[in-house]
Amino acid sequence: MNKRHLLQTFLAVSALGLGLGTTHAQTTTPIKFQLDWRFEGPGAFFTHPAAKGYFKAGGLDVTVDAGNGSGGAVTRVASGAYDMGFADLAALMEFHANNPDSPNKPVAVMMVYNNTPASVMALKKSGIAKPADLAGKKLGAPVFDAGRRAFPIFAKANNIGAVNWTAMDPTLRETMLLRGDIDAITGFTFTSLLNLESRGAKAADIVILPYPDYGVKLYGNAIIASPKLIKENPAAVKAFLMAFTKGAKEVIASPAVAIESIKARDGIVNSELETRRLKLAIDTVINTPDARAEGFGQINAGRLSLMASQVSDAFATKTRVNPEAVWNGSMLPPAAELNVLRK
């Protein structure tokens, strides 16, 4: 072999070693991900695996953005502005049933909040101690609040008489309760409880009526994906869910460490407060008896079907919710990988 051939061989081998050879080139798939809310404790389930490089290791370039409600997350994925998101399953069901002709209805691909975080909260001095005590009372919540939207299901399950609703901005909900403008509020337990405490209320003075404890076994938030992404690149969805699951195991094991990824995204957050919020979320809606029975990330078909019927009635949707159209669990990691919950 002459010097020219030796040089050509050397350059070819060097190019392959540097990843320049076409047969060894790796592509990275960009994924725009929409959270349901601000960068708070539970958001660590997504910012942690991103910060640890788990998405990147799976061949994904994931951008995690803050949100302003589950409804917004659903519509942004439906519009194509985002590829995936995190949203309340009831909000997803409502979108499906009210937009039957939409060509890009998002689909839930992994359950995260196995139980809805919704609850009714009141101060003990109001005399409210059980669901029946809410009859005739003045309740407050933003019009889009998940607990308010699903209240008819809660009321039916507990034979609650008529109540009076007051709407307000989310930032005023807990303040109005403490001022006595309203008798009770609906909201996510891990959000409103800590908000009440931060405004001076003592935990011992707060009454919490969690929906799951009073006969309302609705699912909560799930990871959703656009049907376009599912059809064109199911491998990317699988890679996302695998990386998320790896991160989730670490978040559940060490919430305080995981909150560092939230602090990195929003420097003004109170790390101690958000760690408490994350732990509350884990204990009340993620690492629950229902979740351990069904398996992390998974659903029970009968329970999903019942929820679809309940949402159709409570939300007065244009068409009935089809449970088979809102869920696709075919891209979930293997059962062994999903074993992340602790007893």
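Residues numbered from 1 in each chain as written. Predicted model: local features only at pLDDT ≥ 70, side-chain atom pairs only at ≥ 80, totals over all residues. Heavy atoms only, no water.

A. Spatial organisation of the pattern of salt bridges. This structure, assessed with the given rule, holds 13 salt bridges. The salt bridge partner of R173 is E174, with a shortest N-O separation of 3.5 Å. For E174, a relative accessible area of 0% corresponds to the buried category. In this structure, D313 and R320 form a salt bridge, with 2.6 Å as the shortest nitrogen-oxygen distance. (Salt bridge = Lys/Arg side-chain N within 4 Å of Asp/Glu carboxyl O. Buried < 20%, exposed > 50% of the residue type's maximum accessible area, 1.4 Å probe, protein only.)

B. How the structure looks around helix α9 (residues 189-198). Of all 10 residues that make up α9, 8 are buried, and the element is covered over most of its length. Those residues of α9 that are buried lie in contact with β5 (118-123), α8 (173-179), β8 (184-188), β9 (206-210) and α13 (271-286). One or two positions beyond α9, positive phi appears at G200, with a value near 105 degrees. (Helix = DSSP H or I, 4+ residues; strand = E, 2+ residues; numbered from the N terminus. Contact = heavy atoms within 4.5 Å.)

C. Main features of the sheet that holds strand β1 (residues 29-34). Read from one edge to the other, the open sheet built from 5 strands follows the order β2-β1-β3-β10-β4, with strand pairing classed as mixed. Edge positions in the sheet fall to β2 (60-65) and β4 (107-111), since each has one partner strand and no second. Between one strand axis and the next, the sheet turns by 30 degrees as a mean value, whatever way the strands run. Looking at chain direction, β1 and strand β3 (residues 84-88) are connected through 2 bridges and run parallel. Within β3, the position partnered with Q34 by the bridge is G85. (Pairing = 2+ DSSP bridges. Axes fitted to C-alpha atoms, helices over the stretch in contact; angles between N-to-C directions.)

D. Broad picture of the nonpolar core. Counting residues in hydrophobic clusters, the biggest one holds 110 residues, and the most contacted among them are L134, I223 and F240. Residue contributions to this core peak at 10 residues, all from helix α11 (residues 234-253). (Core = buried A, V, L, I, M, F, W, Y, C linked by side-chain atoms within 4.5 Å.)

E. Broad picture of the side chain of N287. Examined against the element boundaries, N287 turns out to sit in the loop between α13 and α14 (289-294). The residues touching N287, leaving out its near neighbours within four places in the chain, are I282, R292, L341 and R342.

F. Region of the structure containing the pairing of β3. Counting buried positions along β3 gives 5 out of 5 residues, so the element sits mostly inside the fold. Because side chains alternate across β3, one face comprises the buried residues M84, F86 and D88, and the other comprises G85 and A87, equally buried. Pairing of β3 with strand β10 (residues 221-225) involves 5 bridges; the strand directions are antiparallel. Across the sheet, the residue bridging to G85 is I224, located in β10.

G. Quick look at the confidence of the model for the protein. Of all residues in the protein, 92% attain a pLDDT of 70 or more, and the chain-wide mean is 92. Low confidence marks residues 9-25, where pLDDT is under 50. Its contacts with residues over four positions away, or in another chain, come to 6 contacts. (pLDDT = per-residue confidence, 0-100.)

H. Molecular detail of unusual backbone geometry. Residue N159 is not a glycine yet carries a positive backbone phi of 50 degrees. Secondary-structure assignment places N159 in the loop between α7 (151-157) and β7 (164-166). A residue is classified by how much of its surface remains accessible, and N159, at 69% relative accessible area, is exposed. Located in the positive-phi region is A316, a residue other than glycine, with phi close to 50 degrees.

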